[in-house]
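If you want the building blocks of each chain, they are given just below.
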Amino acid sequence: MADITRFRFISHLRANPTTHVRHLRNGKVAHDGAGQAFWFRALNSSLSEIPVDDREQPLLFHGRTQDFQDVAVQATVTYRVTDPALASARLDFGIDPDTGLWRSTPLEQLGGLLTELAQQTALDLLARMTLTEALSEGMTALRQAVGTGLREDQRLTGLGIGVEDVRVVAVRAERDVEKALQTPTREMVQQAADKATYERRAMAVERERSIAENELQNQIELARREEQLVNQRGQNERMRATEAAAAGQIETQAAAGRQRALAEAEADAKRAIGAAEAAAEKALLEAYAELDQATILALAIKQGALPEIGTLNLTPDLITPLLTKLTAGADA
């Protein structure tokens, strides 16, 4: 909207860069262009403000397909005024010289025209398509058909309107029909999901089985190695026992040899001692054999070899010969 500043007998207008202002003074063009700023008198001036920026017109309408199914189409048309002079001549873009507001609703009229023209093209195309085609290929086909139809329409060209872009946002059937159409796909998706679940479970079971087999193989291998270890330990123990028995036998044989040698040495020593003692006894006996009885008796008494005598009776018959021999021996 243009900014109008009113003074006593004159006013000043300042337009935006995206607004084309057309000023007629007494029926003749005084100012014409975008972003204008000028002084004017309200009594002899006619002002038109035409927006030249891109505008978007939303569309929402229903159509019927070839198989008599209702579909809803949501789209957006982007347009702009390419010829402001022609547009101001065909549509009322006049503004109030005091407030700068439009005296009518030109954009609503233009939007209604665009909507009707787009609907006409879209409905003609939908009437030649089945519901399945409309839902699967309708967006692209409608965008191309509506864009081409609006750009080639003579009424828009005659108004100085150019269509920049057409976007079809959605083509949808009624809720019940759409749900029914989605059911096979949902079933397929559910079947695929179930299949994936079953395959995942089967894979999990297979992995668990593989893990169990690996654990069993590990246990078997550990048992085999433990058996080998036990056998090896048994062999080692038997070898140690054999070696210990052999060593004990050798030690026993050595001890027996030592004891036998010691016994033989002791026996030899005892035999030698016995022989010596026997020889001494023999010599002693031979020496005693040459002595008389009295001498032997004296020697026995001297050596204490006689038994203990409790009572000794000495008679003159015994003492006299003994004293005689002792005296003779002393004299000799």
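Small disclaimer: the values here were computed from a predicted structure and weren't measured.

Draft legend 1. Looking closely at the UniProt feature "coiled-coil region" (unreviewed entry) in the chain. As recorded in UniProt, the feature "coiled-coil region" (unreviewed entry) lies at residues 195-233. Between the first and last C-alpha atoms of residues 195-233 the distance is 55 Å; the span itself is 100% helix and 0% strand.

Draft legend 2. Seen up close, the pairing of strand 6 (residues 45-51). Of all 7 residues that make up strand 6, 6 are buried, and the element is covered over most of its length. Where strand 3 (residues 19-25) and strand 6 come together, 7 bridges link them in antiparallel fashion. What sits directly across from H20, in strand 6, is I50.

Draft legend 3. Structural view of the packing of helix 2 (residues 106-126) against helix 3 (residues 131-152). At a minimum axis separation of 9 Å, helix 2 and helix 3 run at an interaxial angle of 135°. When the axes of helix 2 and helix 3 are compared, the pair comes out oblique. Where helix 2 crosses over helix 3, the handedness of that crossing is right-handed. From helix 2, L114, L117, A118, T121, A122, L125 and L126 reach across to helix 3, where they touch A134, A141, L142, A145, V146, G149 and L150. Considering only residue class, the contact of helix 2 with helix 3 consists of 12 nonpolar, 2 polar and no charged.

Draft legend 4. Seen up close, the pairing of strand 2 (residues 11-14). Residue alternation in strand 2 divides its side chains into a buried set, S11 and L13, and an unburied set, H12 and R14. In this structure, strand 1 (residues 3-6) lies alongside strand 2, joined through 4 bridges in antiparallel fashion. Bridge pairing links T5 to H12 in strand 2. Counted along the chain from strand 1 to the antiparallel partner strand 2, the turn is 4 residues long. Alignment of strand 2 against strand 5 (residues 37-40), held across 4 bridges, turns out to be antiparallel. Within strand 5, the residue paired with L13 across the bridge is F38.

Draft legend 5. Expanded view of the packing of aromatic side chains. Throughout the structure, instances matching the rule amount to 3 aromatic pairs. Ring plane angle 40° and centroid distance 5.4 Å describe the contact between F7 and W39, whose orientation is recorded as tilted. Of this pair, F7 sits in the loop between strand 1 and strand 2 while W39 sits in strand 5, and the two are 32 residues apart along the sequence. Assessed through its relative accessible area of 44%, F7 is described here as partly exposed. Using a relative accessible area of 45% as the deciding quantity, one classes W39 as partly exposed. With 6.3 Å between their ring centres and 65° between their planes, F93 and W102 make a pair best called edge-to-face. Residue W102 is classed as partly exposed on the basis of its relative accessible area of 31%.

Draft legend 6. The sheet that holds strand 8 (residues 70-81), seen in detail. Here 3 strands make up an open sheet; going across it, the order is 7-8-9 and the pairing antiparallel. In the strand order of this sheet, the two ends are held by strand 7 (55-64) and strand 9 (161-173), each with one partner. Averaged over neighbouring strand pairs, the angle between their axes works out to 20° when direction is ignored. Alignment of strand 8 against strand 9, held across 11 bridges, turns out to be antiparallel.

Draft legend 7. Fine view of the environment of V177. Note that V177 resides in helix 5 (residues 175-289). As for V177 and Q69, which are separated by 108 residues in sequence, their C-alpha atoms are 8.6 Å apart. If sequence neighbours within four positions are ignored, V177 has contacts with Q69 and L131.

Draft legend 8. Representation of the sheet that holds strand 5. Across the sheet, which stays open at both edges, the 3 strands sit in the order 1-2-5 with antiparallel pairing between neighbours. The sheet terminates laterally at strand 1 and strand 5, the two strands that pair on one side only. Each strand axis lies, on average, 20° off the axis of its neighbour in the sheet, ignoring direction.

Draft legend 9. Up close: the side chain of T115. As for its position among the elements, T115 is in helix 2. Engagement of the side chain of T115 in a polar contact is seen with the backbone oxygen of G111, the distance being 2.8 Å. Sequence-distant contacts of T115, that is, excluding residues within four places in its chain, are made with Q57 and L59.

Draft legend 10. Region of the structure containing helix 3. Helix length check: helix 3, at 22 residues, gives a terminal C-alpha distance of 27 Å against a target of 32 Å (1.5 Å per residue), a shortfall beyond 12%. The sharpest bend along helix 3 reaches about 75° and sits at E137. Within helix 3, burial applies to L131, A134, G138, L142, V146, G147 and L150.

Conventions and cut-offs
Residues numbered from 1 in each chain as written. Predicted model: local features only at pLDDT ≥ 70, side-chain atom pairs only at ≥ 80, totals over all residues. Heavy atoms only, no water. UniProt positions renumbered as here; feature names shortened; annotations may be inferred. Helix = DSSP H or I, 4+ residues; strand = E, 2+ residues; numbered from the N terminus. Buried < 20%, exposed > 50% of the residue type's maximum accessible area, 1.4 Å probe, protein only. Pairing = 2+ DSSP bridges. Axes fitted to C-alpha atoms, helices over the stretch in contact; angles between N-to-C directions. Parallel < 35°, antiparallel > 145°, perpendicular 65-115°, else oblique. Left-handed = near helix turned anticlockwise from the far one by under 90°. Contact = heavy atoms within 4.5 Å. Nonpolar A, V, L, I, M, F, W, Y, C, P; charged D, E, K, R; others polar. Phe/Tyr/Trp six-rings, centres within 6.5 Å; stacked < 30°, edge-to-face > 60°. Polar contact = N/O pair within 3.5 Å; in protein donor to acceptor, adjacent residues only side chain to side chain. Expected span 1.5 Å × (residues − 1). Bend = angle between axes of the 7 residues up to and from the residue.

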